[in-house]
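What follows is each chain in one-letter form.
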Amino acid sequence: MAYLPSFILSDESKERMTKIFSLSQTVAHYGWLPFVLYLGWAHTSNRPNLFSLLSPLPSV
Amino acid sequence: MIEYMEQVLRSFELCTGWSRDNSYENITATSENLLNFDVPAGLKCQVSNKSTPNTYSTFELSNNKLINGSLAYLYTNCKGLENYISNSRDIQLQDASETYRQIRPLYRHRDSKKEFEPSSLWYGRMYYPTSTLEAMVAKRLSPETQFVAKCLSSLAHTSVLTLYWQKDSGQNCQEWIASSNEGLVGYRVLHNFIGSQSKLNSSLYNNSSLSIGGELWFGLMNTSPACSTTLRYCTHSANTGKPLTLTLSWNPLFGHVSSTYSVKASSGATISSKYDFNLYSIESNLSFGCDLWRSGNKKSKLKAHEDLSEAASTRNSKYAEDSPMFYHLMAGSLNSQKLLDDLNVTFASSLHKINKERSIIQKFENSLIDANFTSVWRLSTSLRDKNLKVLWEGKYKGFLISAGTELTNGPLDLPSNLVEEPKSASFFRPSKFGVQLQYSM
């Protein structure tokens, strides 16, 4: 960003963009596993309960 | 030992008709599996579960100085995938272990694309306590194309995103790769030469496969290029039906030449050797590796046969399209069977020879499936690195266990090219030791 002329982006908007970027990365980082689980839940016809979907241990 | 999630991914590829071996990335997979196998470090336990027909999960705990863990979930909308995945009790050991890769001749790719449905796979794994996320999306878009996105996300360190666009037409497999790490872009290609009748033994039968591949890489940030090229030849011994693979790799920039020879010497033994040579530094290395498989006793074999009857039928249906895999007959023509019938009278003796050779190879292949292997010893050594790797993998009461150690002669904290020749001969000492337990339902 340093080589860009200063009139294109002000320091505040640069800072804002960095914040938005890091926030979206955090959301994607922690939201990915719930998203994969949601896909599995939504595409299974009998809608299993959350515990059986979450538990990696074999159900008896 | 292949991890459960890796098995699910490979089954996804198998189910959707994607050939894993027809890729430049895996062109030297056989020798890599036999020489550079991973030895577990510390104690590692994995429990895996198929919670629904579409979702799979794995929980892992490992104790290597620190207690680490990871939790992985996978979702796929591929239909019929559950038929391809066995739990740790029913899986055949040769399917659960990284070993000799049987290269299928080219014509097979055409058959596997008859029924195609676009499908996708979503995977995520979170490591604790570092909170590093490993994510992957694989999409089969058409019978010939696959898109893969892999991401390693870390809030403390730099994250890496890598995108793969792969196109496999059977004869050619091309990959375009872009990675956020150093702005790396790459292109990989593998070309299979269409086989014709064998010229050596005057038979129409030919199951060999000759492939050539290359890769080009360029780092946009550091403007550094890289490239390599490899030739692979796979065939079966005509008399004994034993498969063998030869590869020759060359890296023009670093002047590195590497040749490998791997052979399944019997149904219970695989041998591989590799010779590395650098044209610029005149340094060389010779590596050997072998797998020794042990079958279970007859009683357990019979029991296993009963237990595995269902799994075997699934497996047979899985490889139904593979059943004529070894005759790579007149690969250029689609109606080869009709042509064969017409030629039946004219070339009766040659056709008789085809059946004979094919039956020898299929007999050897069947002996591998029927062997009911229960354990395997894997050894690998390298003359230059002066190390010896020993790994035992086996099945015990539904658990897949792998235990191994790496013995080395040099200082542990230096890479092998910086190690000075030891002045006095010292004994090998273990630099790594570990046990891994896997259980899946």
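Values in this document were obtained by computation on a predicted structure and should not be read as measured data.

### Regarding the overall build of chain A
Then comes step 1: Helices and strands together make up the secondary structure of chain A, namely two helices and zero strands.
Then comes step 2: Out of the 60 residues in chain A, the part that is buried amounts to 8%.

### Quick word on the overall build of chain B
Then comes step 1: Scanning chain B from N- to C-terminus turns up eight helices and 19 strands.
Then comes step 2: With 441 residues in all, chain B has 30% of them scored as buried.
Then comes step 3: A separation of at least 24 residues holds for 57% of the contacts in chain B among residues at least 6 apart in sequence.

### Remarks on the nonpolar core
Then comes step 1: The biggest cluster of nonpolar side chains holds 25 residues, and the ones touching the most others in it are Val36 of chain A together with Met5, Val8, Phe12, Leu74, Leu121 and Tyr123 of chain B.
Then comes step 2: At the level of elements, helix H1 (11-42) of chain A together with helix H1 (4-15), strand S3 (66-76), strand S4 (119-128) and strand S5 (132-142) of chain B are the ones that each hand at least two residues to this core.
Then comes step 3: Counting residues per element, this core draws most heavily on H1 of chain B, which supplies six residues.
Then comes step 4: Residues in contact with Phe12 of chain B, not counting those within four places in the same chain, are Thr76, Cys78, Leu81, Leu121 and Ala138 of chain B.
Then comes step 5: Counting eight residues, the second largest nonpolar core, distinct from the first, contains Met1, Ile91, Leu93 and Ala96 of chain B.

### Focus: the interface of chain B and chain A
Then comes step 1: Between chain B and chain A, the residue contacts involve 23 residues of the former and 16 residues of the latter.
Then comes step 2: The dominant element in the side of chain B that touches chain A, judged by the number of residues it contributes, is strand S1 (residues 42-52) of chain B, at five residues.
Then comes step 3: Class assignment for the residues of the side of chain B that touches chain A results in twelve nonpolar, eleven polar and no charged.

### Brief notes about the pairing of S5 of chain B
All names here are of chain B.
Then comes step 1: Note: S4 against S5, nine bridges, orientation antiparallel. Residue pairing in the sheet places Trp122 in a bridge with Val137 of S5.
Then comes step 2: Linking two consecutive strands that pair antiparallel, namely S4 and S5, is a turn of three residues; a positive phi of about 60 degrees is found at Ser131 within it.
Then comes step 3: Taken together, the nine bridges between S5 and strand S6 (residues 145-153) define a ladder with antiparallel strand orientation.

### A closer look at the UniProt feature "transmembrane region" (unreviewed entry) in chain A
Then comes step 1: In the numbering adopted here, UniProt assigns the feature "transmembrane region" (unreviewed entry) to residues 20-41 of chain A.
Then comes step 2: With 100% helix and 0% strand, residues 20-41 of chain A has its two end C-alpha atoms placed 30 Å apart.

### Focus: H1 of chain B
Residues and elements named next belong to chain B.
Then comes step 1: Across its twelve residues, H1 extends 16 Å between first and last C-alpha, which sits within 8% of the 16 Å expected from 1.5 Å per residue.
Then comes step 2: Within H1, the full set of buried residues consists of Tyr4, Met5, Gln7, Val8, Leu9, Ser11, Phe12 and Cys15.
Then comes step 3: Buried residues along H1 sit against S1, strand S2 (55-64), S3, S4, S5 and strand S19 (429-440).

### Section: the pairing of S4 of chain B
Then comes step 1: Pairing analysis gives eight bridges linking S3 of chain B to S4 of chain B, with the strands arranged antiparallel. Residue pairing in the sheet places Tyr75 of chain B in a bridge with Trp122 of chain B of S4 of chain B.

### Let's talk about unusual backbone geometry
Residue and element names in this part refer to chain B.
Then comes step 1: Pro129 follows Tyr128 through a cis peptide bond whose omega is 5 degrees.
Then comes step 2: Its location among the elements puts Pro129 in the loop between S4 and S5.
Then comes step 3: Phi is positive for Ile282, which is not a glycine, with a value near 55 degrees.
Then comes step 4: On the secondary structure map, Ile282 appears in the loop between strand S14 (269-278) and strand S15 (284-295).
Then comes step 5: One non-glycine residue, Lys386, lies in positive phi territory at about 50 degrees.
Then comes step 6: Tracing the backbone shows Lys386 in the loop between strand S16 (373-382) and strand S17 (387-396).
Then comes step 7: Residue Lys386 is classed as partly exposed on the basis of its C-beta count, with 17 C-beta atoms lying within 10 Å.

Conventions used here
Residues numbered from 1 in each chain as written. Chains lettered and ligands numbered in written order. Predicted model: local features only at pLDDT ≥ 70, side-chain atom pairs only at ≥ 80, totals over all residues. Helix = DSSP H or I, 4+ residues; strand = E, 2+ residues; numbered from the N terminus. Buried ≥ 20, exposed ≤ 12 C-beta atoms within 10 Å, placed from the backbone. Contact = placed C-beta atoms within 7 Å. Core = buried A, V, L, I, M, F, W, Y, C linked by C-beta atoms within 7 Å. Nonpolar A, V, L, I, M, F, W, Y, C, P; charged D, E, K, R; others polar. Pairing = 2+ DSSP bridges. UniProt positions renumbered as here; feature names shortened; annotations may be inferred. Expected span 1.5 Å × (residues − 1).

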